[in-house]
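# Observations on the three-dimensional arrangement
One letter stands for each residue in the lines below.
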Amino acid sequence: MSPRLRIGGLLFAALALAACVEPPTAPLEAPAAVETEDFELPEVAATSVERRAQEVTVRVRSLGCQQFGLGSGFVLADGVVVTNRHVIEQPREVTVNTWDGRSLAAEVTGLATDTDLALLQLEDAGDLPVAELRTAPVQRGEEVFAIGYPGGGPAQVSPGRVLGMVDGTVLGEPAEVIRVEVEIAQGSSGGPLVDRDGLVVGVVFAVEVDAGIGLAVPVQTLLERLDAGELVAPGAC
Amino acid sequence: MLVVLLLLATVGAVTATLAAVDQRDVAAQWEERALALEAQRDIVDEQRAEVVDQLEVTRDALVASERDVDELEDRVRDLADEKARAEDTATTVQVERDVFIELSELISDATGALDSCVTQLFDLQSASVEAFNRASAGQDVDIETLNVRSAEGTRFCNEARTTAASAEAAADRLLRS
């Protein structure tokens, strides 16, 4: 190698060394607090939905002119309870039992004439939790829960799926009713059918005895009756 | 020319030496920095481990609380169910009591009517015996009075029959409902 090249190389190396590495300049920061993601506990969330659904579901005892009836219902705002017409027809005395043991006197304020729905008014609703209604129609295959007091016993949550909609005219209903694969027994009548978010999508009112398939009046029918005020007073004994 | 080159080489060598010394200091600073960062990483690792432990403890506590709440709610539901059924029974007993009270009133009415009937019959019997004795003694007998009493007794007894039949029908209806 020629002396010129050597000297040139030395110069280049010197310049490169001078330019290559900078000292650390930014101050060392203290470690930030460890952040965690939100607790994902789906089983707790599911339990909460069931718990909430049970809290808004009530047991309805009706002493009629000729019969003693037991059924289910659910609470709406202002102490209004939705149940089935066939649970409380010709009532003399109606009592609502809550899941936690309260017994509340109620009065029948309206019976639907063309669908198996009825409204009660609690004399003192207190701090009862209120059900939320879902306006969007149910979808076939959708996961739902039926809550009620089968046989007049403790509140029971029965999971299942929507099988579809069926013509309700043969059952005395004005529109389609929800056909649902859910365990339903006598005493469940009037109880809510809720989706996985706990929103009420229907009112249980019958069961296909042979197939054991539950039937529910869609919330849309209930809302139409409430909006139109198409409810009549109960008959006297 | 050679002198210039040598001069340049000397300058270059001096510059390179200075740069090397400077870079050695920089390297030392970076090493120090790396050690500090490593220490920080160890702290963060410890914090993370502590947080994970806390999360596991919290989760266990949450699951235990959830289980406890479920058990308590089940108990509340069972008690509420017992209370509701007791109220059902009380309501049924109340209905039965009302039925028995109504039955009792019906039976009381029927018994009262029958008692009036029997009283009328006793009176008629006494009047008839008296009339028979008077006739045997050759005295006058007021047949018209006897006929009036007889008609009155018949009316009372027919009313008693009607009341009893009505009570029987009502009892049948009440006990079957």
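### Thoughts on the sheet that holds strand β9 (residues 177-181) of chain A
Residues and elements named next belong to chain A. Taken together, the six strands give a closed barrel; going around it, the order is β7-β8-β9-β12-β11-β10, and neighbouring strands pair in antiparallel fashion. Mean inter-strand twist for the sheet, computed between neighbouring axes without regard to direction, equals 45 degrees. As defined by bridge partners, strand β7 (residues 143-148) adjoins strand β10 (residues 192-195) across three bridges and the pair is classed as antiparallel. Within β10, the residue paired with Phe145 across the bridge is Val194. Sheet contacts for helix α4 (residues 219-228): β11 (200-208) and β12 (213-218); angle to β12, the most-contacted strand, approximately 30 degrees.

### Some words on helix α1 (residues 2-136) of chain B
Along an α-helix, residues three or four apart share an orientation, since each turn contains 3.6 residues. Its 135 residues place the ends of α1(B) 192 Å apart at the C-alpha level, agreeing with the 201 Å of an ideal helix rising 1.5 Å per residue. Trailing α1(B) by a residue or two, Gly138(B) shows a phi angle of about 80 degrees, which is positive.

### A few points about the layout of surface pockets
Residue and element names in this part refer to chain A. In this structure, the second largest pocket occupies an estimated 220 Å³ of space. Lining the second largest pocket, in full, are Gln67, Gly69, Leu70, His86, Val87, Gly151, Gly152, Gln186, Gly187 and Ser189. Among the secondary structure elements, those contributing two or more residues to the lining of the second largest pocket are β2 (68-75) and α3 (85-88). Tallied by class, residues from the lining of the second largest pocket come to two nonpolar, eight polar and no charged.

### Section: the pattern of salt bridges
Scanning all chains against the criterion turns up 22 salt bridges over all chains. Glu66(B) serves as the salt-bridge partner of Arg51(A), at 3.5 Å between the closest nitrogen and oxygen. Linking Arg51(A) in helix α2 (residues 42-56) with Glu66(B) in helix α1, this pair reaches from one chain into another. Comparing Arg51(A) with Glu66(B), the two get one shared label, buried. For the salt bridge of Asp74(B) with Arg77(B), the shortest nitrogen-to-oxygen distance reads 3.2 Å. A residue pair is termed a helical-turn pair when its members lie 3 or 4 positions apart in one helix, as Asp74(B) and Arg77(B) do in helix α1 at three residues. Among the charged side chains, a salt-bridge network with shared partners connects Arg51(A), Glu66(B), Asp70(B), Glu73(B), Asp74(B) and Arg77(B).

Cut-offs used in this document
Residues numbered from 1 in each chain as written. Chains lettered and ligands numbered in written order. Predicted model: local features only at pLDDT ≥ 70, side-chain atom pairs only at ≥ 80, totals over all residues. Heavy atoms only, no water. Pairing = 2+ DSSP bridges. Helix = DSSP H or I, 4+ residues; strand = E, 2+ residues; numbered from the N terminus. Axes fitted to C-alpha atoms, helices over the stretch in contact; angles between N-to-C directions. Contact = heavy atoms within 4.5 Å. Expected span 1.5 Å × (residues − 1). 1 Å grid on protein atoms, 1.4 Å probe; cavity = no way out; pocket = protein on both sides within 12 Å on 5 of 7 lines; lining within 4 Å. Points joined across faces, edges and corners; volume = space filled by probe spheres on them. Nonpolar A, V, L, I, M, F, W, Y, C, P; charged D, E, K, R; others polar. Salt bridge = Lys/Arg side-chain N within 4 Å of Asp/Glu carboxyl O. Buried < 20%, exposed > 50% of the residue type's maximum accessible area, 1.4 Å probe, protein only.

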